[in-house]
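Chain by chain, the residues run as shown.
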Amino acid sequence: DSSNQPYRTAYHFQPPNNWINDPNGPLRYGGLYHLFYQYNPKGAVWGNIVWAHSVSRDLVNWTPLDPAIFPSQSSDINGCWSGSATLLPGNKPAILYTGIDSLNQQVQNFAQPKNLSDPFLREWVKSPKNPLMAPTSANKINSSSFRDPTTAWLGKDGHWRVLVGSKRRTRGMAILYRSKDFVKWVQAKHPLHSTLGSGMWECPDFFPVLSNGQLGVDTSVNGEYVRHVLKVSLDDKKHDYYMIGSYNAAKDAFIPDEESNIFVLRYDYGKYYASKTFFDDGKKRRILLGWVNESSSVADDIKKGWSGIHTIPRAIWLHKSGRQLVQWPVEEVEKLRAYPVNLLPQVLKGGKLLPINGVTASQADVEISFEVSKLRKAEVLDYWTDPQILCSKKGSSVKSGLGPFGLLVFASEGLQEYTSVFFRIFRHQHKYLVLLCSDQNRSSLNKDNDLTSYGTFVDVDPLHDKLSLRTLIDHSVVESFGGEGRACITARVYPTLAINDKAQLYAFNNGTADVKITRLSAWSMKKAQIH
Ligand code: DQQ
């Protein structure tokens, strides 16, 4: 029984035991959210992959069901890998997923519910025509780089389109297929998009966002006020990158806004991969789900009997600048908030540590906002550099004029352990740069863990905007949202002292200049019903 281990999450999704990775085929059907995910029924390491299945009414509390898709045909006998769901006319769910066939080739298969009147969609029937898409000598598709079909979208011509991740030599690509009946798929002459040198594109996701406002739209929507997002999980980098651009439906091509600048924007600058969105027609929003791997050793994963969690589902929309996406934990997670602690606005002097008492600091939701006035104190940055490198060189113990200031989470009594999430402000030429870091360097006395620091610049103007940070803390995960969802960083940590009720929470300012806390609210989080 792993239920009372210190690193198990209380409100982030995970099954009772074993390995999990990518979220698969999310959809809403019959008033229920369905989550499928890559799962090893036999152990805490990757292997024997099936589609495990859970359902939820609120994206927070989940009921486990039996695995929905598991090896049973020659087209998937060696594994049921990632894929997506599409709602066909008449509200009929359809799943396309990658099967590893008897020759260990990657092929795309189709499954549909056995009984549409079962809102739990417990049983899935595979097409006897599987595989519907396969590598052949004619199409020259590499049989070990052909996987992860997207949600399909319908063109004005009445034909379905779907993408499959692939590569040709080092050119990563989203191969496009078209179909009239969802069964017979024809490969398009050109991929929807490709990039030389990017390597294998795993788990592509392609969806419309509105250029005005936060509402989500269904995957087939196109036209005025619609922009498109292409996200790919780069196998070489193990990060999820996205591009904003236009979808030219006549040419079936995606044209990124900044061709020269692709693979810059990420959903999350911490540990985060193989994510996928779906349209929630109930609340008219697009929801993003993602996988967070462990940062512990494989030996420790086997010892604790599990590996992998999912983030809190995030609503996702286009920022009003049109230049990036914004992500925010679904509002339903706020139902878990209890015992609010609100601190009065106050100055946080340079060098000061402010305890935030009265919350269960290992299972909490914290929102803090800062205002800085002494911008001339900002450290000068002469050359532009990788923000993650900047965060690892300038961790929370390195003082500067403005920053670091932020939160210390999972802090032990004597501060032998802590994880810090903080801002630091630089002046670069005539602009201010706001850096957000998640510093895991001191997160655990157990040095077998991956203690890498993460960081990103947040596109906010410290002259006019407040510097806001929300952090979801949950036993071994620190999920942070800077700049009201403009920058996300998820980290895994395994404190040895700062566990359960031994963990403490602080706001801190280790810069020389004072900063003002304009808002500080923290909540203890109730446990979600997950299994
Ligand atoms: N995970 C799946 C693949 C996918 C990879 C296998 C991404 O389908 O490419 O478990 O994490």
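Note that the coordinates shown come from a computational prediction; the quantities given were computed from them, not determined experimentally.

Visitor: What exactly am I supposed to notice about the overall build of the chain here?
Guide: Looking only at helices and strands, one finds two helices and 38 strands in the chain. Counting only residues that meet the buried cut, the chain has 50% of its 531 residues in that class. Counting contacts in the chain only where the partners sit at least 6 residues apart, residues at least 24 apart contribute 63% of the total.

Visitor: Looking at this structure, I do not really get the environment of Arg169. What am I missing?
Guide: Along the chain, Arg169 turns up in the loop between β11 (160–168) and β12 (171–179). Spatially, the C-alpha atom of Arg169 lies 8.9 Å from that of Met200, the residues being 31 residues apart in sequence.

Visitor: Can you help me understand the pairing of strand β18 (residues 253–256) in this one?
Guide: On any regular strand, side chains alternate: one points to one face of the sheet, the next to the other face. By the bridge criterion, four bridges tie strand β17 (residues 239–248) to β18 in an arrangement that is antiparallel. By the bridge assignment, Ser246 is partnered in β18 with Ile255. Counted along the chain from β17 to the antiparallel partner β18, the turn is four residues long, and its residue Asp252 has a positive phi close to 50 degrees.

Visitor: Whenever I open this one, the sheet that holds strand β3 (residues 50–56) confuses me. Can you help?
Guide: Pairing between sheet strands relies on hydrogen bonds along the backbone, with the strands arranged either parallel or antiparallel. A sheet is described by the order of its strands in space; here five strands give the open sequence β4-β3-β2-β1-β21, paired in mixed fashion. Two strands in the sheet have a free side with no partner beyond their single neighbour: β4 (63–69) and β21 (306–307). In this sheet, β21 lies alongside strand β1 (residues 18–29) in parallel orientation, the contact comprising two bridges. The partner of Trp19 across the bridge, within β21, is Ser307.

Visitor: Looking at this structure, I do not really get the UniProt feature "domain: Glycosyl hydrolase family 32 C-terminal" (unreviewed entry) in the chain. What am I missing?
Guide: Under the present numbering, the feature "domain: Glycosyl hydrolase family 32 C-terminal" (unreviewed entry) in UniProt falls on residues 354–524. For residues 354–524, the end-to-end C-alpha separation is 18 Å, with 4% helix and 47% strand making up the annotated structure.

Visitor: I would appreciate a short explanation of the site of the ligand in the present structure.
Guide: Contacts to the ligand come from 14 residues, most closely from Gln38, Trp81, Ser82, Glu202 and Ala274. Going through the elements one at a time, β1, β5 (80–88), β15 (201–210) and β19 (273–280) are the ones with two or more residues in the shell around the ligand. Considering only residue class, the shell around the ligand consists of five nonpolar, five polar and four charged.

Visitor: Teacher, can you tell me more about the nonpolar core here?
Guide: Soluble globular proteins tend to pack their nonpolar side chains together in the buried interior. Membership of the largest hydrophobic core comes to 147 residues, with the highest contact counts inside it found for Ala364, Val409, Phe423, Val434, Leu435 and Leu505. At six residues, the largest contribution of residues to this core is made by strand β30 (residues 405–411). If sequence neighbours within four positions are ignored, Phe423 has contacts with Phe370, Gly403, Pro404, Phe405, Gly406, Val434, Leu435, Leu436 and Leu467.

Visitor: Would you mind going over unusual backbone geometry with me for this structure?
Guide: What you tend to see is this: most non-glycine residues have negative phi, and most peptide bonds are trans. That bond from Asn130 to Pro131 is cis: its omega, -5 degrees, falls within 30 degrees of zero. Looking at where Pro131 falls in the secondary structure, it is placed in the loop between β8 (124–126) and β9 (146–147). Residue Gly403 is joined to Pro404 through a cis peptide bond whose omega torsion reads 0 degrees. Its place among the elements puts Pro404 in the loop between α2 (387–393) and β30. One non-glycine residue with positive phi stands out, namely Leu121, at about 45 degrees.

Visitor: Explain the pairing of strand β33 (residues 454–458) to me, please; I cannot follow it from the model alone.
Guide: Burial analysis of β33 places four of its five residues in the buried class, which makes it a mostly covered element. With five bridges joining them, strand β32 (residues 431–439) and β33 adopt antiparallel strand pairing. Across the sheet, Ser438 pairs through a bridge with Tyr454, a residue of β33.

Visitor: Please clarify how the environment of Gln346 should be interpreted in this entry.
Guide: As for its position among the elements, Gln346 is in strand β26 (residues 346–348). For Gln346, a count of 12 C-beta atoms within 10 Å corresponds to the exposed category. Measuring from C-alpha to C-alpha, the distance between Gln346 and Val515 comes to 8.7 Å, with 169 residues separating the pair along the chain.

Visitor: What is the right way to read the sheet that holds β5 from this model?
Guide: Pairing within the open sheet is antiparallel, and its four strands lie in the order β5-β6-β7-β8. Sheet topology places β5 and β8 at the edges, where each strand pairs with a single neighbour. Here the strands of the sheet are splayed against their neighbours by 30 degrees on average, with no regard to which way each runs. With seven bridges joining them, β5 and strand β6 (residues 92–100) adopt antiparallel strand pairing. Looking at the pairing, Thr86 lines up with Ala94 of β6.

Visitor: Would you take a moment to explain the environment of Ser396 for this structure?
Guide: Mapped onto the fold, Ser396 is located in the loop between α2 and β30. Judged by the 25 C-beta atoms lying within 10 Å of it, Ser396 is buried. For the pair Ser396 and Tyr383, spaced 13 residues apart in sequence, the C-alpha separation works out to 21 Å. Those residues within four positions of Ser396 in sequence are excluded, and the remaining contacts are Pro404, Ser420, Phe422, Asp439 and Asn510.

Definitions and limits used
- Residues numbered from 1 in each chain as written.
- Predicted model: local features only at pLDDT ≥ 70, side-chain atom pairs only at ≥ 80, totals over all residues.
- Helix = DSSP H or I, 4+ residues; strand = E, 2+ residues; numbered from the N terminus.
- Buried ≥ 20, exposed ≤ 12 C-beta atoms within 10 Å, placed from the backbone.
- Contact = placed C-beta atoms within 7 Å.
- Pairing = 2+ DSSP bridges.
- UniProt positions renumbered as here; feature names shortened; annotations may be inferred.
- Near = placed C-beta within 6 Å.
- Nonpolar A, V, L, I, M, F, W, Y, C, P; charged D, E, K, R; others polar.
- Core = buried A, V, L, I, M, F, W, Y, C linked by C-beta atoms within 7 Å.
- Axes fitted to C-alpha atoms, helices over the stretch in contact; angles between N-to-C directions.

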